[in-house]
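Fold and contact review
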Amino acid sequence: QVQVVESGGDLVQPGGSLRLSCAASGSIVSIYRMGWYRQGPGKQRELVAVITSSCVPNYADSVKGRFTISRNYAKNTVYLQMNSLKPEDTAVYYCNANLLTTGSSREDYWGQGTQVTVSS
């Protein structure tokens, strides 16, 4: 059994900052990749940022230079520092963990989502 839990979503003004956190727990053998996706109103879910087990980050073009993804390997957590937020960043942000559990194969696990609203 694996749990992926996000936190940190909030209402923020344009130009503001937020930090999202995500922790994976349970019968985890190894985590290969962790990342953040988002789904805005009336839109499909899209990649925001991911970070590999080798600590290599990858960002969507729309957030490059504004968002930073980081990972704490010892705590199985991933963070998303979001700066210079824009109204178009408004979305539900989902954490994803690609990992191996005991007695299973490598799979994707998702959190329940955390709402980020950028509005004045």
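Just above, that's the structure.
We now turn to the structure provided with this report.

Core analysis: the biggest nonpolar cluster contains 31 residues, and W36, L80, M82 and Y93 have the highest contact counts within it. Elements supplying a minimum of two residues to this core: β1 (2-7), β3 (18-26), β4 (28-39), β5 (46-52), β7 (67-72), β8 (77-82), β9 (91-101) and β11 (114-118). Tallying contributions element by element places β9 first for this core, with 5 residues.

Working definition: the strands of a sheet are paired by backbone hydrogen bonds and lie parallel or antiparallel to each other. One open sheet holds the 4 strands; their spatial order is β1-β3-β8-β7, and the pairing between them is antiparallel. Here the strands that pair on one side only, and so sit at the sheet edges, are β1 and β7. In this sheet, adjacent strand axes meet at a mean angle of 15° when their direction is disregarded. With 6 bridges joining them, β7 and β8 adopt antiparallel strand pairing. Within β8, the residue paired with R71 across the bridge is V78.

Quick notes on the rules
- Residues numbered from 1 in each chain as written.
- Predicted model: local features only at pLDDT ≥ 70, side-chain atom pairs only at ≥ 80, totals over all residues.
- Heavy atoms only, no water.
- Core = buried A, V, L, I, M, F, W, Y, C linked by side-chain atoms within 4.5 Å.
- Buried < 20%, exposed > 50% of the residue type's maximum accessible area, 1.4 Å probe, protein only.
- Helix = DSSP H or I, 4+ residues; strand = E, 2+ residues; numbered from the N terminus.
- Pairing = 2+ DSSP bridges.
- Axes fitted to C-alpha atoms, helices over the stretch in contact; angles between N-to-C directions.

By themselves, these observations are geometric and do not establish any function.
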